[in-house]
Amino acid sequence: MAPLLEVKDLVKYFPTYSRGIFRKKIVGNVHAVDGISFSVNESEIVGLVGESGCGKTTTGKLILYLERPTKGEILFDGKNAIEIFENGSKEEKMELRRSMQMVFQNPYASLDPRMTVFDIISEPFKIHKHVPRNEWKERVYKLLELVGLEPYHAERYPHEFSGGQRQRICIARAIAVEPRFIIADEPVSSLDVSIRAQILKLIMDLQHRLGVSYLYISHDLSSVRQISQRVMVMYLGEIVEAAPTDELFDHSIHPYTRALISAVPIPDPKRKMNIILLPGEVPSAINPPSGCRFHPRCRYATSECKEEKPSFVEVDKDHYVSCHHYAEFA
Amino acid sequence: MGLAKYVVRRIIYMIPLVIGISIVSFFVMYAAGDPIQIATMGNPSITEAQRQFLRNYYGLNDPIPVQYLRWLDHFIHGDFGMSLYGGKPVNQIIGSLFWETSKLQLFSIILAFIIAIPAGVYSAVKQRSVTDYSVTSVSIFGISMPVFWFGIVLILIFSYHLGLLPSAGAHGAPSLWPVFGIRDPFLDELAHLILPATVLIFAGLAWHVRLLRAGMLEVLRQDYIMAARASGISERKILYKYALKNAITPLITLLGLEIGLMIGGAPVTEFVFSWPGLGRAYVTAVSKLDFPLIMGITMIITIMVLIANLITDLAYAWIDPKVRLE
């Protein structure tokens, strides 16, 4: 079966400028996303993890064309999404917009403070006209119920809600268009731990009930493990390892993935943790290291790693890794 | 109803404020000097006895608190007394000038506001572009230009050299507007408005544009704008409906201030264009110590500012759901 979303060699460079007296000059590029490829199947949750600044959020925005990709191809349901957003007809664009939605990281910034919840959730009906006006009310109430809010909340404004409730409103807004694919960009990272589980449960619930696929972006490995079927690990604009969730957590290969997994806190005070400490800082994405981008921080790095870029190879079924020495770690 | 109650309460609160301001201005005014002395200064043949007679006539010899209470009594009955010059009732003087000043000011303020919206939005969207810099430069140019200089330059170009627009007055210039020979009173008034309004718009535009630009830059970074884009709303609608609604609050404050202060706000422009307005009358009245007229205009400005404040607060509550009128 063809995947719902297929991303091929996606690249996004942000130019950096030097400000002269009269004109600005491009002095370099931030390699935010540097040639990543992956796919998301129908009604599948794929996790995308990595440190801050590694390009996770940019990837999400590129897929929705909220940022314009520098290079690459995005196929949604077999159709070339970038081409449609750039040159497609209004109908094609609207159809694509309807199929993909995003839930943002900060629920305090992602709801228009001047609109009531009813206006926010019914907005998509107004744009896409897929729900007749006399059914709006009913539909909004249904959506509120679906995300665990009450009908009377519809008349309120965003500032009257807590973070968790706001995130539910964001999710309700995203599913109001009946999308097939949702990008959830750290939807729980700004929430209290007690609320997180509820939101994660809601996301999985919607996957089962509505068959929605997700790209779940997070730096929190435990939530990724809980909800995704497959996980991709990103480092400095590249995907370094991708595998089905259990495979990745139990048999990780890439030294970076291993370091990340070792840093996940285990709620057992007696168990000793063997955290793999990575030396140094994440290098600048303006001048990424040569060869394997992880080599300056990798304790297994050899001269080969410094010079040659490793290829992304399938080491096991659906388990891909980008490391010269994968055979030794497997 | 909550709103009506709120408005009534606010208006009741205004009463002590108005009285307080009137007391302060009244006493400050009396400390400034003797109007009879100033009025008769140029006439050496007037004797001290005649001056005394005039002072008695206008009641200026009574103790100041007594004079104030007398003024207050008249004020409450809607009577500002007689001007010391020309003997016309102050109500009548203000009445004829009030319309001219408000016409000029409202026209300029509203036009500046309307021009600022696309200019501010556009320069925020195209931040650091040539357009952004041009919009900023033009508005800073307007704000830094002295009104008396810019006004006179405009008169020189458009009235003196080109003969296109009238240079003085609010209507019916002595030699009727020569260009099209139009005698329609409305067009005549409009023609008189153009030059002084241009000066005022230029002087006020920068505030509007800069405030809106800053607000838009802030709002456009928010995720809810991104969410609106992701749901397929057209860029134009995102800017002018969603973002603008969130960015416009400071502009409403500014608009409220400007409308409150508009009555006394532009004496210089009124002088340059010989506009028959209150600002000019106010300055003249102060220089001649025309007590009843000074008090009359001061009170009109006070009441205008208070009412504009109230309207601004109501507009806030209307536009921003977070503001509750308590």
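Here, every reference points to the structure presented above.
What you see as residue numbers is a count from 1 along each chain, following the sequence as written. Whichever chain is written first becomes A and whichever ligand is written first becomes 1, with later ones labelled in order. With pLDDT at 70 or above as the cut-off, local features in this predicted model cover only qualifying residues; side-chain atom pairs require 80 or more to be listed or tallied, and sums for whole chains, interfaces and linings still use all residues.

Enquirer: A description of the overall build of chain B should follow, citing residues and the corresponding values.
Expert: Helix and strand assignments follow DSSP, with helices taken as H or I runs no shorter than four residues and strands as E runs no shorter than two, numbered in order from the N terminus. Of the regular secondary structure elements, chain B holds 14 helices and zero strands. Going from the N terminus to the C terminus, chain B shows its helices and strands as α-α-α-α-α-α-α-α-α-α-α-α-α-α. Its C-alpha atoms put chain B at 85 × 55 × 35 Å along the principal axes. Each residue is classified by how many other C-beta atoms fall within 10 Å of its C-beta atom, where C-beta atoms are placed from the backbone; a count of 20 or more means buried, 12 or fewer means exposed, and values in between mean partly exposed. A burial count over chain B gives 33% of its 326 residues as buried. Placing a C-beta atom from the backbone of each residue, one calls two residues in contact when those atoms lie within 7 Å. Relative to all contacts within chain B whose residues are 6 or more apart in sequence, the contacts with residues 24 or more apart total 73%.

Enquirer: Tell me about the sheet that holds strand β10 (residues 238-244) of chain A, and please be specific about residues and values.
Expert: Residue and element names in this part refer to chain A. Strand pairing is assigned whenever DSSP detects at least two bridges linking the two strands. Taken in spatial order, the eight strands line up as β6-β7-β8-β3-β9-β10-β12-β11 in an open sheet, and their pairing is mixed. The sheet is open, and its two borders are formed by β6 (100-103) and β11 (312-316), each paired with just one other strand. Between one strand and the next, the sheet's axes are offset by a mean angle of 20 degrees, whatever the strand orientation. Both β6 and strand β7 (residues 181-185) contribute to a ladder of four bridges, which runs parallel. The partner of Gln101 across the bridge, within β7, is Ile182. Only the contacting stretch of a helix is used when fitting its axis, a line to C-alpha atoms as for every element, and angles between N-to-C directions run 0 to 180 degrees. Contacts between helix α6 (residues 163-175) and the sheet are confined to β6 and β7, with β6 contributing the most and set at about 175 degrees to the helix.

Enquirer: Outline the interface of chain B and chain A, supporting the account with residue identities and numerical values.
Expert: Taken together, the contacts link 16 residues of chain B with 24 residues of chain A. Those elements that place two or more of their residues in the side of chain B that touches chain A are α9 (223-230) and α10 (235-247) of chain B. With six residues, α9 of chain B is the single largest residue contributor to the side of chain B that touches chain A. Ten residues, namely Ala, Val, Leu, Ile, Met, Phe, Trp, Tyr, Cys and Pro, are considered nonpolar, four, namely Asp, Glu, Lys and Arg, are considered charged, and the remaining ones, Gly among them, are considered polar. When grouped by side-chain class, the residues that make up the side of chain B that touches chain A number seven nonpolar, four polar and five charged.

Enquirer: How would you sum up the nonpolar core? Please name residues and give values.
Expert: With 147 residues, the main nonpolar core has Val233 of chain A together with Ile297 of chain B as its most contacted residues. No other element matches the 14 residues that helix α8 (residues 185-220) of chain B contributes to this core. With residues near it in sequence (within four places) discarded, Ile297 of chain B still touches Ile94, Gly264, Leu278, Ala281, Tyr282 and Ala285 of chain B. Residues of type Ala, Val, Leu, Ile, Met, Phe, Trp, Tyr and Cys that are buried and joined through C-beta atoms within 7 Å form what is called a nonpolar core.

Enquirer: Quick one: what's the story with helix α7 (residues 147-161) of chain B, residue by residue and with numbers?
Expert: For the α-helix, the turn length of 3.6 residues means that residues three or four positions removed from each other point alike. Residues and elements named next belong to chain B. Expected span of a helix: the number of residues minus one, times 1.5 Å. Given a rise of 1.5 Å per residue, 15 residues ought to cover 21 Å, and the 20 Å separating the end C-alpha atoms of α7 matches this to within 8%. Two axes are fitted around each residue, one to the seven residues ending there and one to the seven starting there, and the angle between them is reported as the bend at that residue. Largest kink in α7: about 25 degrees, centred on Ile155. Along α7, the residues that are buried comprise Gly151, Leu154 and Ile155. On its buried face, α7 sits against α8 and α12 (267-272). Of the residues flanking the end of α7, it is Gly163, one or two places downstream, whose phi is positive at about 60 degrees.

Enquirer: Give a description of the packing of helix α5 (residues 90-125) of chain B against helix α13 (residues 278-288) of chain B that names residues and reports values.
Expert: Residues and elements named next belong to chain B. For the pair α5 and α13, interaxial distance at closest approach is 8 Å and the crossing angle is 135 degrees. On the basis of the axis angle, α5 is oblique to α13. Side by side, α5 and α13 meet where Ile93, Ile94, Leu97, Phe98 and Thr101 of the first sit next to Leu278, Gly279 and Ala281 of the second. Residues of the contact of α5 with α13, tallied by class, amount to six nonpolar, two polar and no charged. Just so you know how the angles are binned, under 35 degrees is roughly parallel, over 145 roughly antiparallel, 65 to 115 roughly perpendicular, and the rest oblique.

Enquirer: Describe the packing of helix α1 (residues 2-31) of chain B against helix α4 (residues 64-76) of chain B, with residues and values.
Expert: All names here are of chain B. Contact geometry for α1 and α4: axes closest at 11 Å, N-to-C directions at 130 degrees. Between α1 and α4, the interaxial angle falls into the category oblique. Every pair of crossing elements has a handedness; the one defined by α1 and α4 is right-handed. For the pair α1 and α4, the contacting residues are Ile23, Phe26, Phe27 and Tyr30 in the first and Ile64, Tyr68 and Trp71 in the second. Among the residues forming the contact of α1 with α4, the class breakdown is seven nonpolar, no polar and no charged. Each helix crossing is assigned a hand: it is left-handed if the near helix lies turned anticlockwise from the far helix by less than a right angle, otherwise right-handed if that turn is clockwise.

Enquirer: Help me get a handle on α10 of chain B, residues and values and all.
Expert: All names here are of chain B. Looking only at α10, the buried set comprises Leu239, Tyr242, Ala243, Asn246 and Ala247. An end-on view of α10 places all buried positions within 135 degrees of arc, on one side of the element. When the buried face of α10 is taken as reference, the exposed residues oriented beyond 90 degrees from it are Arg236 and Lys237. Taken from the helix axis, the directions to the C-beta atoms give the arc we talk about.

Enquirer: Could you give me a rundown of the pairing of strand β9 (residues 230-235) of chain A, with the residues and numbers involved?
Expert: All names here are of chain A. Within β9, six of the six residues are buried, which leaves the element mostly enclosed by the surrounding structure. Burial along β9 is two-sided: Arg230, Met232 and Met234 and Val231, Val233 and Tyr235, pointing in opposite directions, are all buried. In the sheet, β9 pairs with β10 via six bridges, with the strands oriented antiparallel. If you follow Met234 over to β10, its bridge partner there is Ile239. Here β9 folds back onto β10, and the loop between the two strands holds two residues, one of which, Leu236, carries a positive phi near 50 degrees.

Enquirer: Describe unusual backbone geometry, naming the residues involved and giving the relevant values.
Expert: Unusually for a residue other than glycine, Leu236 of chain A sits at a positive phi of about 50 degrees. Locating Leu236 of chain A in the fold gives a position in the loop between β9 and β10. Positive phi values are uncommon outside glycine, yet Ser274 of chain B reaches one of about 45 degrees. Within the secondary structure, Ser274 of chain B is located in the loop between α12 and α13. The class of Ser274 of chain B is partly exposed, set by 13 C-beta atoms lying within 10 Å.

By themselves, these figures tell us nothing about what the structure is for.
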